[in-house]
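Results of the structural survey
Here is how the chains run, residue by residue.
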Amino acid sequence: MDEGLRNELSKQGVFTTTLSDLYNWGRRSSVWPLQFGLACCAIEMIAASMARYDLARFGAEVFRPSPRQADLMIVAGTVTKKMAPQVVRLYNQMPEPKYVIAMGACAISGGPFKQGYNVLKGIDRYIPVDVHIPGCPPRPEALLHAFMTLQRKIDEQAMSGKARPRHLNPDAPSEFPVPQFGEHDLVPPKNEMVWETPVVTRNG
Amino acid sequence: MIDLESIRLRIEASVAGAQVTLVPNDSPAAQPSLLVEGAHGLAIALFLRDDAELRFDYCSNATGVDWLDTELKVKVKQVVDGVEKEVEQVTKKPGYLETVYHLYSMEKRHGPLILRMRTRNRAGEAKLPSLTSVWRSCEFQEREIYDLYGIEFIGHPDLRRILMWDGFKDHPMRKDYVEPDDYEYEPTPHDEVLEKAKEHYPGS
């Protein structure tokens, strides 16, 4: 339906919408995050959920203590290689539709620990990340912005067709392989299905 | 202030067969330490804890150090074919692993006393006595030294890895540790990382 007609109808007291708009509105308005933090970013995440920043305005105040009841995983903090399999396992245990926000420098790339021996160089090596937030740690406003970005992303998801999200596509995987502890590193060191090595071209 | 030289003499007088070396420290920290042999380490620790004057009842910190093999080049005058020549003589000194304990006395309010123990070399004979039976606070820290340096503590009640996972084979804080090459992408590579990045991106 074109925008002008819809405006005209709403002035007359007739509310029109599409099924997909309604569906996405419902989903984005009550995204329940999983209650777990890994490092200092978790403090900012807690601050964002409390009175001053009030994540509840966006329908995400219910931090769930169980992955079975959560829609959103906020990876808040440093993911060590020892913790990475547990994070992937928690993600696998969440029901679809599910989303991931990688919060902070550590979660998106390993951050200041990138050249260390024990920190995973970004959780996006094992699970698909929807929104990355840079910062060390990001302020609560940055988390709110990431959350709004995620809501916008949910709003734009189609219910059918090729571009439909994973939870509406029976062929798309809902669970991702949990890495094993190897003798020198995690095995495998990355999930090729999820993580494509960025191609870098340098000048000079 | 505690007088290290007098403590050294008292240890040698009280613990049969013990040889203690005073290790000076010329750096701004100016914190000299006592070097004891592993064979008498436990007896000396017990003496330091139980002696009525010293009463080192608290071990605040235990850590490890990796000292590499060193080569000493000395010019020696030698008679070769009847002519006196200066010949460079290279003496190899094997490296060693070292544990360092920082001891305080809560009762007498003095400290720190820094106690060092060295292994014979870096490879096969990396064994030292555990001081956990003397100071309980050493337990986790000795496990950490075992995990990161590979020093085996004889008499430790529960010698397992503490930071890395059980199947991990390396000792990451040792200077010969080779980290897994798992950073394909570096936004601002420099030094060693730049060399590795060049391998991943030939021609860039």
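Here, every reference points to the structure presented above.
To start, this report covers the structure provided alongside it. Remember, it's a predicted structure, so these values are computed and weren't measured experimentally. (Residues numbered from 1 in each chain as written. Chains lettered and ligands numbered in written order. Predicted model: local features only at pLDDT ≥ 70, side-chain atom pairs only at ≥ 80, totals over all residues. Heavy atoms only, no water.)

**Regarding the packing of aromatic side chains**
Tallied over the entire structure, the rule returns six aromatic pairs over all chains. Look at A:Tyr117 and B:Tyr177: their rings are 6.3 Å apart centre to centre, the planes differ by 80°, and that puts the pair in the edge-to-face class. Of this pair, A:Tyr117 sits in the loop between helix 5 (104-109) and strand 3 (131-133) while B:Tyr177 sits in the loop between strand 9 (152-154) and helix 4 (191-200), each in a different chain. The class for B:Tyr177 is buried, based on a relative accessible area of 17%. (Phe/Tyr/Trp six-rings, centres within 6.5 Å; stacked < 30°, edge-to-face > 60°. Helix = DSSP H or I, 4+ residues; strand = E, 2+ residues; numbered from the N terminus. Buried < 20%, exposed > 50% of the residue type's maximum accessible area, 1.4 Å probe, protein only.)

**Remarks on the sheet that holds strand 3 of chain A**
Residue and element names in this part refer to chain A. In space, the three strands of this open sheet follow the order 1-2-3, with parallel pairing throughout. Of all strands in the sheet, those bounded by a partner on one side alone are strand 1 (72-76) and strand 3. This sheet shows a mean twist of 15° between the axes of neighbouring strands, independent of strand direction. Here strand 2 (residues 99-103) runs beside strand 3; their pairing, made up of three bridges, is parallel. Looking at strand 3, one finds that Ile101 is bridged to Val131. (Pairing = 2+ DSSP bridges. Axes fitted to C-alpha atoms, helices over the stretch in contact; angles between N-to-C directions.)

**Some points on the side chain of B:Glu139**
All names here are of chain B. Tracing the backbone through its elements, the reader meets Glu139 in helix 3 (residues 138-149). Classification of Glu139 as buried rests on a relative accessible area of 9%. When sequence neighbours within four positions are dropped, the list of residues in contact with Glu139 reads Thr132, His156 and Asp158. (Contact = heavy atoms within 4.5 Å.)

**Quick look at the nonpolar core**
Core analysis: the largest hydrophobic core is formed by 60 residues, its most contacted members being A:Met73, B:Leu48 and B:Tyr101. Ranked by size, the runner-up nonpolar core spans 24 residues in total, among them A:Ile74, A:Tyr99, A:Ile101 and A:Leu143. (Core = buried A, V, L, I, M, F, W, Y, C linked by side-chain atoms within 4.5 Å.)

**Structural notes on helix 3 of chain B**
All names here are of chain B. For helix 3, with twelve residues, the first-to-last C-alpha span of 15 Å sits near the 16 Å given by 1.5 Å per residue. Among the residues of helix 3, those classed as buried are Cys138, Glu139, Glu142, Arg143, Ile145, Asp147, Leu148 and Tyr149. Of the residues trailing helix 3, Gly150 is marked for its positive phi of about 80°. (Expected span 1.5 Å × (residues − 1).)

**Digging into a nonpolar patch on the surface**
All names here are of chain A. Among the surface-exposed residues, Leu19, Leu22, Trp25 and Met159 lie close enough to one another that they form a single nonpolar patch of about 420 Å² accessible area. Summarising the element assignment, Leu22 is placed in helix 2 (residues 19-28). Exposure remark for Leu22: the relative accessible area of 43% places this residue in the partly exposed category. (Patch = residues over 30% accessible without salt bridge, like charges linked within 9 Å, V, L, I, M, F, W, Y side chains within 5 Å. Areas by Shrake-Rupley, 256 points an atom, 1.4 Å probe, with all protein chains shown as cover. Salt bridge = Lys/Arg side-chain N within 4 Å of Asp/Glu carboxyl O.)

**Remarks on the pairing of strand 6 (residues 96-105) of chain B**
A regular strand places its side chains so that they alternate between the two faces of the sheet. Residue and element names in this part refer to chain B. The buried fraction of strand 6 amounts to eight of the ten residues, a majority that puts the element mostly inside the structure. Of the strand pairs in this sheet, strand 3 (residues 58-67) and strand 6 are connected by nine bridges, and their pairing is antiparallel. From the neighbouring strand, Trp67 faces strand 6, where its bridge partner is Tyr96. Sheet topology note: the strand 6/strand 7 (residues 110-118) ladder contains seven bridges and is antiparallel. Following the sheet pairing, Thr99 is matched in strand 7 by Met117.

**Some details on helix 3 (residues 41-49) of chain A**
All names here are of chain A. Turning to helix 3, its buried residues are Cys41, Ala42, Glu44, Met45 and Ala48. Taken end-on, helix 3 shows its buried residues confined to a sector of 160°, consistent with a single buried face. On its buried face, helix 3 sits against strand 1, strand 2, helix 5 and helix 6 (140-155). (Arc of directions from axis to C-beta.)

Interpretation in functional terms is not warranted from these geometric data alone.
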